[in-house]
Amino acid sequence: MSARSAAQRPGEIPPMPERNPKALREAIAAHAPQLLADFDRHWKRDIADAYDLARVPAFMALWWTEYALARDPELDARVTDLEDRAAEAGDAAEARALLEQAAHLRREAGHSEPGQ
């Protein structure tokens, strides 16, 4: 996936890529370029320079979720709003409830399948 497909209209959420680092990086570059520098830095630091493939599943889980949120501006804004409201909450129970909602949305985003 190197560019927005002709069938995809502006404002439409791009599909999730194949579940591998190369396809995910290409999707990030095409649809969420604001994440690319951090993705590359994280890859180089934790995977490429470490020569430890055991870290790849955790890396993919983190960045899969980050991309799933970033590709959907409304969902990303909703999660950010919940987290911001939690940070400003004067009551610990309220903050916990807001963070639980944000965590639930993050988990759901992370469960997105390729092509969704």
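In the block above lies the structure referred to throughout.
Notes on the structure follow. (Residues numbered from 1 in each chain as written. Predicted model: local features only at pLDDT ≥ 70, side-chain atom pairs only at ≥ 80, totals over all residues. Heavy atoms only, no water.)

**Details of the overall build of the chain**
Operational definition: Strands are runs of DSSP state E lasting at least two residues, helices are runs of H or I lasting at least four, and both sets are numbered from the N terminus onward. Partly exposed describes any residue whose relative accessible area lies between the buried limit of under 20% and the exposed limit of over 50%, with all areas from a 1.4 Å probe on protein chains only and scaled to the type maximum. Contacts are assigned to residue pairs with any non-hydrogen atoms lying within 4.5 Å of each other. Computed by Shrake-Rupley with a 1.4 Å probe, the accessible areas treat only the displayed protein chains as cover when residues are assessed. Charge counting treats Lys and Arg as positive and Asp and Glu as negative, with His and both chain ends excluded. Where a charge lies is defined by one atom per residue type, namely NZ (Lys), CZ (Arg), CG (Asp) and CD (Glu).
Looking only at helices and strands, one finds five helices and zero strands in the chain. The order of α-helices and β-strands along the chain, N terminus first, is α-α-α-α-α. Taken over the C-alpha atoms alone, the chain extends approximately 45 × 40 × 20 Å along its principal axes. For the chain, buried positions account for 34% of its 116 residues. For the chain, restricting intrachain contacts to residue pairs at least 6 apart in sequence, the fraction spanning at least 24 positions comes to 61%. If you sum the accessible surface of the chain, you get close to 7,300 Å²; carbon and sulfur atoms cover 53% of it. The averaged location of the 21 negative side-chain charges in the chain is 4 Å from the averaged location of its 15 positive side-chain charges.

**Topic: the environment of Ala-102**
Considering the arrangement of structural elements, one finds Ala-102 in helix H5 (residues 92-110). Owing to a relative accessible area of 1%, Ala-102 belongs among the buried residues under this scheme. It is 23 Å that separates the C-alpha atoms of Ala-102 and Leu-24, two residues lying 78 residues apart in sequence. Excluding anything up to four places from it in sequence, Ala-102 contacts Val-79, Leu-82 and Glu-83.

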